[in-house]
Amino acid sequence: NAGVTQTPKFRILKIGQSMTLQCTQDMNHNYMYWYRQDPGMGLKLIYYSVGAGITDKGEVPNGYNVSRSTTEDFPLRLELAAPSQTSVYFCASWTELYGYTFGSGTRLTVV
Amino acid sequence: DQQVKQNSPSLSVQEGRISILNCDYTNSMFDYFLWYKKYPAEGPTFLISISSIKDKNEDGRFTVFLNKSAKHLSLHIVPSQPGDSAVYFCAAHLYNQGGKLIFGQGTELSVKP
């Protein structure tokens, strides 16, 4: 029972590079979320999805893209990395009954 | 516009004493509130929640109090243990918004032996 799995755990990017943060869950949850956590700022919602094929913007979507081709996977794409995207990224799935299940996070540094 | 605020970035408490973590909010449409606990290098984990129609919810050593007129909630941990040392996030849910939560900035609790 893996829950929500995020890869990689750590990554250093150069300005302008692109990468995809992977997130997969094995609980068959429809709702999935991407948050970023900056020091002293709590968690801010980037994008979310209420089911396969459906995505929507959260509070801070600029500079990111997502896709949801399957229920299990919800990758987050950074096309042109900027220093402002240095953060810890958390993926989560949600059900009304069990609430949130978070992944262990991806720590991204853009230099 | 910070709808959920935790104004204390850190709190230090002696083992065995009470820890009180505070959270203020501005939106009266929130229908329930949650507390999450986060250890370093891990994702947040759910701790306790409270519906907006209640004023208290208790689970073992953890109690959450809600004061709707003051738009304030607090988490009490009694007695505090060193293993409680973590960052605690308050979060609020808007009615009919699926699982979207609005988080506070977090309070880092340190429980000294």
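Structural data are supplied above this passage.
Calculation criteria
- Residues numbered from 1 in each chain as written.
- Chains lettered and ligands numbered in written order.
- Predicted model: local features only at pLDDT ≥ 70, side-chain atom pairs only at ≥ 80, totals over all residues.
- Heavy atoms only, no water.
- Pairing = 2+ DSSP bridges.
- Helix = DSSP H or I, 4+ residues; strand = E, 2+ residues; numbered from the N terminus.
- Axes fitted to C-alpha atoms, helices over the stretch in contact; angles between N-to-C directions.
- Contact = heavy atoms within 4.5 Å.
- Buried area = accessible area lost by both parts, 1.4 Å probe.
- Salt bridge = Lys/Arg side-chain N within 4 Å of Asp/Glu carboxyl O.
- Polar contact = N/O pair within 3.5 Å; in protein donor to acceptor, adjacent residues only side chain to side chain.
- Nonpolar A, V, L, I, M, F, W, Y, C, P; charged D, E, K, R; others polar.
- Buried < 20%, exposed > 50% of the residue type's maximum accessible area, 1.4 Å probe, protein only.

**Looking at the pairing of strand β10 (residues 99-102) of chain A**
Residues and elements named next belong to chain A.
Thinking step 1. Sheet analysis places strand β9 (residues 87-95) next to β10, joined by four bridges and oriented antiparallel. Bridge assignment links T95 to a residue of β10, and that residue is G99.
Thinking step 2. Two successive antiparallel strands, β9 and β10, enclose a turn made up of three residues.

**Points about the sheet that holds strand β8 (residues 76-78) of chain A**
Residues and elements named next belong to chain A.
Thinking step 1. Spatial ordering of the open sheet is given by β1-β3-β8-β7, a layout of four strands whose pairing is antiparallel. Both outer strands of the open sheet, β1 (4-7) and β7 (64-66), are each paired with one neighbouring strand and no more. Strand-to-strand twist across the sheet, computed as the mean angle between neighbouring axes with direction ignored, equals 20 degrees.
Thinking step 2. As paired strands, strand β3 (residues 19-25) and β8 are joined by three bridges and run antiparallel to one another. Paired with L21 across the bridge in β8 is L76.

**A short note on the interface of chain A and chain B**
Thinking step 1. Taken residue by residue, the interface counts 17 residues in chain A and 16 residues in chain B.
Thinking step 2. Summing the contributions of chain A and of chain B, the shared interface buries around 1400 Å²; its carbon and sulfur component is 62%.
Thinking step 3. Sorting the residues of chain A by area buried against chain B places L43, Y100 and F102 of chain A first, and these three jointly supply 33% of that buried surface.
Thinking step 4. Counting every contact that joins chain A to chain B gives zero salt bridges.
Thinking step 5. At the junction of chain A with chain B, the criterion picks out one residue pair in polar contact (both at pLDDT 80 or more).
Thinking step 6. Going through the elements one at a time, β4 (31-37), β5 (43-51), β9 and β10 of chain A are the ones with two or more residues in the side of chain A that touches chain B.
Thinking step 7. Split into classes, the residues belonging to the side of chain A that touches chain B amount to eleven nonpolar, five polar and one charged.

**Brief notes about the environment of Q6 of chain B**
Residue and element names in this part refer to chain B.
Thinking step 1. Tracing the backbone shows Q6 in the loop between β1 (4-5) and β2 (10-14).
Thinking step 2. The exposure class assigned to Q6 is buried, which follows from its relative accessible area of 3%.
Thinking step 3. Non-local contacts of Q6, meaning those with residues more than four positions away in its chain, are made with N22, C23, W35, Y88, F89, C90, G104, Q105, G106 and T107.
Thinking step 4. Polar contacts involving the side chain of Q6 include one to the main-chain carbonyl oxygen of Y88, which spans 2.9 Å.

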